[in-house]
Amino acid sequence: MRALVISGGGSKGAFAGGVAQYLIENKLIPYDLFIGTSTGSLLVGHLALGKVAEIKEIYTNVTQDAIFSVCPFNIKRKKGVETIGIHHFNVLKNIAKGSKTFGESYHLRGLIKKHFTEKDFKELKQGKVDVVVTVSNLSLNQVEYKSIKDFDYEEFCEWVWISCNYTPFMSLVKKNGCEYADGGLGSMVPIEEAIKRGATTVDAIILQTEVTQFNRMPSLNAFSLLTNMFAFMLDRIESQNIRIGKFVATNHKAIINFYYTPTVLTTNSLIFEKEKMTQWWQSGFNFAKFKDDETSQLETE
């Protein structure tokens, strides 16, 4: 049984799309299981259907407006580096409405339902391939994995949306009496879950470099401090997930193939730019091809 695991990483998910495109269309790997966290959850449905060109078009053209119904920040460029500043009016308006978060992401929920149709859902649910997304249950202090096999169309689309909700910048969702948020808060790279579900080979796409290659820019305001803090915590969670994944793989005699980003793509994955994301998609494809060629060469020597 073979699984494709895609980590969280915001706009860097474009790189994961490129890697997945090469693995699915060029290597023709028949995956039995797709598991995504956060941005990865947006990709896995279309990838499982083999609709790579379609998700590439959607993904590389997404904008802030397509995601946020209330965007809590402004994008600023200083000394060639993009940073986020507080959109005071939107934040204050959202808090005045009684929201628990600085921003809202209801546009993203609509975008998911627009491009992942009920027909797509039925095709996957009736097929043999399983598609799973990761969510964080804040009320019960646990990570949950939601399979397409267990829900109807409306529910599964909502779980995909919840998996991407990077609180406190995006919506906090109350469902079944519990508060849910971004799956990455608990499991950035769900390798362990893939192996628990029977995977003997896991292709894991990690949306950060294997070795830390940069120092973060100094915090300019409360929001940039928050994003830096969250990025730090998520990096630690990701490293822990990878270590646990390797340990579980060893005990179950499973194989993990890692695809890290070869360079730092961005220091702020909440910023979505078509030109950069198109480049990252191609970069992911090229990197997967390079790694495959390198492996083939070693095997023939």
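Fair warning: this is a prediction, and the values are worked out from it, not measured in the lab.

Participant: Which residues make up the overall build of the protein, and what are the values?
Facilitator: Along the protein, the regular secondary structure elements total 11 helices and 10 strands. Viewed in the frame of its principal axes, the protein has a C-alpha envelope of about 60 × 45 × 35 Å. Within the protein, residue pairs in contact and separated by at least 24 positions form 76% of the contacts whose partners lie at least 6 positions apart. Put simply, the protein shows about 14,200 Å² of open surface, and 53% of that area lies on carbon and sulfur atoms.

Participant: Describe the pattern of salt bridges, listing the residues and the values that go with them.
Facilitator: Enumeration according to the criterion identifies 12 salt bridges in this entry. In this structure, Lys289 engages Asp293 in a salt bridge whose closest nitrogen and oxygen atoms are separated by 3.1 Å. One end of the pair, Lys289, and the other, Asp293, are both in helix α11 (residues 274-300), four residues apart, so they sit about a helical turn from each other. Note on Lys289: relative accessible area 38%, which makes it partly exposed. Note on Asp293: relative accessible area 39%, which makes it partly exposed.

Participant: Give a description of helix α7 (residues 118-126) that names residues and reports values.
Facilitator: Restricting attention to buried positions, one finds in α7 the residues Asp120, Phe121 and Leu124. Relative to the axis of α7, the buried residues are bounded by an arc of 100° and lie together on one face. Set apart from the buried face of α7 by more than 90 degrees, the exposed residues are Lys119 and Gln126. Looking at the packing, one finds that the buried side of α7 touches α2 (39-49), α6 (106-115), β5 (130-137) and α8 (153-163).

Participant: Give a description of the state of the cysteines that names residues and reports values.
Facilitator: In total, this model carries zero disulfides according to the counting rule given. Cys164 supplies the cysteine sulfur nearest to Cys71, a cysteine that is in no disulfide, at a spacing of 16 Å. With no disulfide of its own, Cys157 lies 11 Å from the sulfur of Cys164, the closest cysteine sulfur. According to the relative accessible area criterion, Cys157 is buried, its value standing at 2%.

Participant: Outline the nonpolar core, listing residues and values.
Facilitator: In terms of nonpolar packing, the biggest core is built from 91 residues, with Leu4, Leu47, Phe116, Phe156 and Ile205 touching the most fellow members. Among the elements that take part in this core, helix α1 (residues 13-26) stands out by supplying eight residues, more than any other. Not counting residues up to four positions away in its chain, the partners in contact with Phe156 are Phe116, Phe121, Val131, Val133, Lys146, Ser147, Ile148 and Phe151.

Participant: Before we move on, could you go through the side chain of Ser136 and cite the residues and values that matter?
Facilitator: Position of Ser136 relative to the elements: it lies in strand β5. Setting aside chain neighbours within four positions, we find Ser136 in contact with Gln142, Glu179, Tyr180, Ala181, Asp182, Gly183, Leu185 and Gly186.

Participant: Which residues make up the environment of Phe121, and what values go with them?
Facilitator: Mapping Phe121 onto the fold places it in helix α7. For the pair formed by Phe121 and Pro30, sequence separation is 91 residues and the distance between their alpha carbons is 19 Å. In this structure, Phe121 is in contact with Phe116, Ile148, Phe151, Asp152, Tyr153 and Phe156, ignoring residues within four places of it in sequence.

Participant: Requested: an account of the packing of α2 against helix α3 (residues 52-59), with residues and values cited.
Facilitator: Running from amino to carboxyl end, α2 crosses α3 at an angle of 150°, the nearest separation of the two axes being 8 Å. On the basis of their axis angle, the class for α2 and α3 is roughly antiparallel. Two packed elements cross with a definite hand, and for α2 against α3 that hand is right-handed. Contact residues: Thr39, Leu42, Leu43, His46 and Leu47 in α2; Val52, Glu54, Ile55, Ile58 and Tyr59 in α3. Along the lines of polarity and charge, the residues of the contact of α2 with α3 split into seven nonpolar, two polar and one charged.

Participant: Outline a nonpolar patch on the surface, listing residues and values.
Facilitator: A cluster of nonpolar side chains, contributed by Leu225, Met229, Phe232 and Met233, occupies part of the molecular surface with about 400 Å² of accessible area. Looking at the secondary structure, you find Phe232 in helix α10 (residues 222-252). A residue is classified by how much of its surface remains accessible, and Phe232, at 52% relative accessible area, is exposed.

About the cut-offs
- Throughout, a residue's number is its position along its own chain's written sequence, starting from 1.
- The predicted nature of this model means local features are confined to residues of pLDDT at least 70 and side-chain atom pairs, given and counted, to a pLDDT of 80 or more, with totals for whole chains, interfaces and linings taken over all residues.
- Working from all heavy atoms in the structure, the side-chain values ignore hydrogens and water.
- Counting from the N terminus, the helices are the DSSP runs of H or I reaching at least four residues and the strands are the DSSP runs of E reaching at least two.
- The criterion used for residue contact is that any of the two residues' heavy atoms lie within 4.5 Å.
- Only the protein chains shown count as covering a residue, and every accessible area follows the Shrake-Rupley method with a 1.4 Å probe.
- By salt bridge we mean one thing: a side-chain nitrogen of Lys or Arg within 4 Å of a carboxyl oxygen of Asp or Glu.
- Each residue gets one of three labels from its accessible area relative to the maximum for its type: buried under 20%, exposed over 50%, partly exposed in between, using a 1.4 Å probe on protein chains only.
- Here the arc refers to the set of directions running from the helix axis out to each C-beta atom.
- When the sulfur atoms of two cysteines come within 2.5 Å, that pair is taken as a disulfide.
- Within this scheme, the nonpolar core is defined by two criteria: the residues are buried Ala, Val, Leu, Ile, Met, Phe, Trp, Tyr or Cys, and they are joined through side-chain atoms within 4.5 Å.
- Structural elements are reduced to axes, namely lines fitted to C-alpha atoms, with helices fitted over the stretch in contact, and the angle between N-to-C directions of any two is expressed from 0 to 180 degrees.
- Each angle gets one of four labels, with under 35 degrees taken as roughly parallel, over 145 as roughly antiparallel, 65 to 115 as roughly perpendicular, and the rest as oblique.
- Here a crossing is called left-handed whenever its near helix is offset anticlockwise from the far helix by less than a right angle, and right-handed whenever the offset is clockwise.
- Any residue outside Ala, Val, Leu, Ile, Met, Phe, Trp, Tyr, Cys, Pro, Asp, Glu, Lys and Arg is labelled polar, Gly included; the first ten of those are nonpolar and the last four are charged.
- Residues qualify for a patch when their relative accessible area is over 30% and they have no salt bridge, like charges being joined within 9 Å and the nonpolar side chains of Val, Leu, Ile, Met, Phe, Trp and Tyr within 5 Å.

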